[in-house]
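Geometric and topological summary
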Amino acid sequence: MVLNPVLGKLVSKRVVLASASPRRQEILTNVGLRFEVVPSWFKETLEKSAFAAPYEYAVETAKQKALEVANRMHVKHLRTPDVVIGADTIVTVDEQILEKPVDKQDAYRMLSRLSGKEHSVFTGVAIIHCHSKDNHLETEITDFYEETKVKFSDLSEELLWEYIHSGEPMDKAGGYGIQALGGMLVEYVHGDFLNVVGFPLNHFCKKLAELYYPPPKHNVQHKKYDSIPSVDTFENLSDGESESSNFTEHKGASKLDSSGMCSSGAIYKSESSSSVRTGFIVPLENQNGVLKSAAKVPSKILDLMDGFRASKALFVASKLKMFDHLRAKGPLKAVDIANEVGTSVCGTERLLDACAALGLLEKTPQGYSNTDSANTYLTSDGEYSLHGYIIHSNDHLWPLFTNLESAVKEGSRQNHRAFGKKEEDLFKDYYQSQEVKQRFMAAMHSIAHLTARDVATAFDLSQFKSACDLGGCTGALAHELVQIYPNLKVTVFDLPEVIANTSYFQPSGQHTAPVTFVSGDFFKDNLPEADLYILSRVLHDWPDEKVHVLLSKISAVCKPGCGILLAEMVLDDEKKIRSTALLQSLNMLVQTEGKERSGSEYQHLLEQHGFTNVKIRLTGNLLDAILCVKT
Ligand SMILES: Cc1cn([C@H]2C[C@H](O)[C@@H](COP(=O)(O)OP(=O)(O)OP(=O)(O)O)O2)c(=O)[nH]c1=O
């Protein structure tokens, strides 16, 4: 059974798991799926009696969880995901639905009902494909459920209470976790074990196979997949979006010669049906209607091998301001863009084609034009422009990353190798020349502006009357905060060379909100007074010793009840799931003495300085938020 091609269909898509369940995250991570986690805010309060069968309740809840996230991401983050996955697990016994226990007594009630009996565990799953059309969210929903039967032994009172006191039951449907201590209560399991743990992986893969490789009409034999089909039973690879990834897979596996014959022996044809992009190459069927393609393609590894090419294509198109030209004058032919930006026609055409295949541009007979997201994120003055960060990535991070090997060997930053400097002070590098400083500030502004709303609304901050954003740079977060909390006064505190250059980044046409800029060095100078200190992408620049210096300084001026709001990429505690944040930590290695940290590492640092009640919110955006209060 070849699983890769099924999950491989999701490789090129932005996949979001709308669930806080660590079990679900682990199940999907373990099979190599790359996804973001955006826990759903949908409250599990649907009227159970309104559903004819318990599984209908689970499916509807899964659907609502996923839809809430799809809508929120579309509206709030302007980042429509391609696929959102939601799930809901319930336990049913004697026609009663059991969800997670609310307290220990509730856990006791649930577990005593399950004692000595067989019960069912249902997980409802919703797979939502999203498209943004004219700024409206369009969704295609696929849902299903899986049932597993579980029988418990007779449980003594003593065993029950010992289990309850272990704390394990509290965040689990039916009040037990079969994967851990709860496994000791179980006599037998009939069905998919992972379904009990929260995600029916096998059924999920079958659904993906049905979705992405619909069975051929002429071949009844293949109409139903009783198992996940291996690639040599896939007969239709013509699903619009992921053509490019298919193409990459086959291209990587075998070379075409001029006759269309692959070196591996598979024959390819050029498909021109209306549902398929012209020129897309699909494998031919043999006489039995079975594909002859190379089955085992490590598509994830191939994508990673190619990752730098895609990044560089994006960087160069941005640097040449192609997205700006296309927004102003598109659709344009390659020759016109080449003339506009002064590049070769053949090189420009290849770059534009690559960008179109990567989904950044649209290519029609009229020429190339920007996609909606290129207009929003890639033009230099788009509403949520990432242009600044892209240029910083090209000019600054790229040379540093080419020295990653040395950074890993030496365990230290590589500015000297990349830029020939032995500068000890991190920010002196950035502020040495006006050009580099502005590039760096534009990069920081890009990310701060993109994430500001999610950071500002991650917690209710209305109890704070004054805030000081330490290292707040251009004030992007400060401006968002004063919009959301009209009674809040925000001071942006940053180095004099930064503060002197903030005017270019101030929002235009906005009534002057109470944001004040103060220059200083938070390690050396007195901090402005405030109820709330904000550190956004600051602590990750520094090693623990420096973090302690800064936190103790803040703690010294904080009265009880005052708080700290951190905005950082938060790693999962085991440091194995959040690849974007883990790569960001490598990014810190090549250029700073800092690193990304997990939620519990931040909590530990903060608690040592008297900041307690540490709350962590994963926002689903590039920065997460942590709030704590001085006690
Ligand atoms: C029965 C059983 C459930 N569970 C878990 C799976 C689910 O995480 C949880 C059921 O609650 P759910 O409401 O399905 O999920 P959740 O609250 O954990 O996450 P979210 O709503 O954000 O998706 O119970 C186990 O881990 N082991 C078990 O044996």
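Residues numbered from 1 in each chain as written. Predicted model: local features only at pLDDT ≥ 70, side-chain atom pairs only at ≥ 80, totals over all residues. Heavy atoms only, no water.

A short note on the overall build of the protein chain
- Helix and strand content of the protein chain: 23 helices and 20 strands.
- A buried classification covers 52% of the 631 residues belonging to the protein chain.
- Carbon and sulfur atoms make up 52% of the accessible area of the protein chain, which totals about 29000 Å². (Helix = DSSP H or I, 4+ residues; strand = E, 2+ residues; numbered from the N terminus. Buried < 20%, exposed > 50% of the residue type's maximum accessible area, 1.4 Å probe, protein only. Areas by Shrake-Rupley, 256 points an atom, 1.4 Å probe, with all protein chains shown as cover.)

Focus: the confidence of the model for the protein chain
- Scored by pLDDT, the protein chain has a mean of 85; 83% of the residues are at 70 or more.
- Confidence drops under a pLDDT of 50 for residues 218-292, and excluding neighbours within four residues, the segment shows 133 contacts in the predicted structure.
- Predicted complex, confidence summary: ipTM 0.96, pTM 0.58. (pLDDT = per-residue confidence, 0-100. Contact = heavy atoms within 4.5 Å.)

What to know about the site of the ligand
- By nearness alone, 21 residues border the ligand, and Ser 19, Arg 24, Lys 65, Lys 100 and Ile 178 come closest of all.
- Against a free-state accessible area of 590 Å², the protein chains account for coverage of 94% of the ligand.
- Residue assignment for the shell around the ligand shows that the elements contributing at least two residues are α2 (22-30), β3 (83-93) and α6 (193-197).
- If you tally residues by element for the shell around the ligand, the top one is β3, at three residues.
- Partitioning the shell around the ligand into residue classes produces seven nonpolar, six polar and eight charged. (Near = heavy atom within 4 Å. Nonpolar A, V, L, I, M, F, W, Y, C, P; charged D, E, K, R; others polar.)

A closer look at unusual backbone geometry
- In the segment running from Gly 330 into Pro 331, the intervening peptide bond is cis, with an omega of 0 degrees.
- The backbone phi angle of Cys 473 is positive, close to 50 degrees, even though this residue is not glycine.
- Summarising the element assignment, Cys 473 is placed in the loop between β12 (466-470) and α19 (476-484).

Observations regarding the packing of aromatic side chains
- Overall, the coordinates contain eleven aromatic pairs when judged by the stated rule.
- A centroid spacing of 5.8 Å and a plane angle of 80 degrees characterise the contact between Phe 51 and Tyr 57, whose relative ring orientation is edge-to-face.
- A ring pair is formed by Tyr 108 and Trp 161, whose centres lie 4.9 Å apart and whose planes are at 10 degrees; its orientation type is stacked. Linking Tyr 108 in helix α4 (residues 104-114) with Trp 161 in helix α5 (residues 157-165), this pair joins segments that are 53 residues apart in sequence. (Phe/Tyr/Trp six-rings, centres within 6.5 Å; stacked < 30°, edge-to-face > 60°.)

Quick word on the pattern of salt bridges
- Considering all chains together, one arrives at 29 salt bridges under this definition.
- Its salt-bridge partner being Arg 597, residue Asp 544 comes within 2.8 Å of it at the nearest N-O pair. Residue Asp 544 is located in helix α21 (residues 544-557), and its partner Arg 597 is located in strand β18 (residues 597-598); the two are separated by 53 residues in the primary sequence.
- Classification of Asp 544 as partly exposed rests on a relative accessible area of 29%.
- A relative accessible area of 1% means that Arg 597 is categorised as buried.
- Ionic contacts of the salt-bridge type, sharing partners, join the residues Glu 44, Lys 65, Asp 88 and Lys 100 into one network. (Salt bridge = Lys/Arg side-chain N within 4 Å of Asp/Glu carboxyl O.)

Regarding the side chain of Lys 630
- Structurally, the position occupied by Lys 630 is in strand β20 (residues 624-630).
- It is Asp 531 that comes nearest to the buried, bridge-free Lys 630 among opposite-charge side chains, at 13 Å.
- Within the structure, the side chain of Lys 630 is placed 3.0 Å from the backbone oxygen of Ser 555, a separation counted as a polar contact.
- From its side chain, Lys 630 meets the backbone oxygen of Cys 558 in a polar contact 3.3 Å long.
- Apart from the residues within four sequence positions on either side, Lys 630 is in contact with Ser 555, Cys 558, Lys 559, Pro 560, Gly 561, Cys 562, His 609, Gly 610 and Phe 611. (Lys, Arg positive; Asp, Glu negative; His and termini not counted. Polar contact = N/O pair within 3.5 Å; in protein donor to acceptor, adjacent residues only side chain to side chain.)

Points about the nonpolar core
- Counting residues in hydrophobic clusters, the biggest one holds 45 residues, and the most contacted among them are Ile 85, Leu 111, Phe 152, Tyr 176 and Phe 204.
- Not counting chain neighbours up to four residues away, the residues in contact with Ile 85 comprise Val 15, Val 16, Leu 17, Ala 18, Leu 33, Ala 66, Val 125, Ala 126, Phe 199 and Phe 204. (Core = buried A, V, L, I, M, F, W, Y, C linked by side-chain atoms within 4.5 Å.)

Considering the pairing of β12
- The element β12 is largely enclosed, with a buried count of five among its five residues.
- Every second residue of β12 is oriented toward a common face, with Ser 466, Cys 468 and Leu 470 on one face and Ala 467 and Asp 469 on the other, all of them buried.
- Two elements, β12 and strand β13 (residues 489-494), share five bridges in a ladder whose sense is parallel. Bridge pairing links Ser 466 to Lys 489 in β13.
- Taken together, β12, α19 and β13 constitute a β-α-β crossover, and its handedness is right-handed.
- In the sheet, β12 pairs with strand β15 (residues 532-536) via four bridges, with the strands oriented parallel. In the strand pairing of β15, Asp 469 is matched with Ile 534. (Pairing = 2+ DSSP bridges. Right-handed = clockwise from strand over helix to strand, strands pointing away.)

Here we look at the sheet that holds strand β14 (residues 515-519)
- Reading across the sheet, the seven strands line up as β14-β13-β12-β15-β16-β20-β19 and stay open at both edges, with mixed pairing between neighbours. Edge positions in the open sheet fall to β14 and β19 (611-617), since each of these has one partner strand only. Taking the axes of each pair of neighbouring strands and ignoring which way they run, one obtains an average angle of 20 degrees across the sheet.
- Sheet strands touched by α21: β12, β15, β16 (563-568), β19 and β20. Its angle to β15, the strand with the most contacts, is close to 165 degrees.
- Against the sheet, helix α23 (residues 599-607) touches β16, β19 and β20, its axis set at about 160 degrees to β19. (Axes fitted to C-alpha atoms, helices over the stretch in contact; angles between N-to-C directions.)

Notes on the pairing of β20
- Across the seven residues of β20, seven count as buried, placing the element largely inside the fold.
- Here β20 shows no split at all, with Asp 624, Ile 626, Cys 628 and Lys 630 on one side and Ala 625, Leu 627 and Val 629 on the other all buried.
- Pairing geometry for β19 and β20, over five bridges, is antiparallel. Residue pairing in the sheet places Phe 611 in a bridge with Lys 630 of β20.

Quick look at α23
- Within the span of α23, buried status applies to Gly 599, Tyr 602, Leu 605 and Leu 606. Down the axis of α23, the sector holding all buried residues measures 130 degrees, keeping them to one side.
- The inward-facing, buried residues of α23 contact α21, β16, β17 (570-571), β18, β19 and β20. (Arc of directions from axis to C-beta.)

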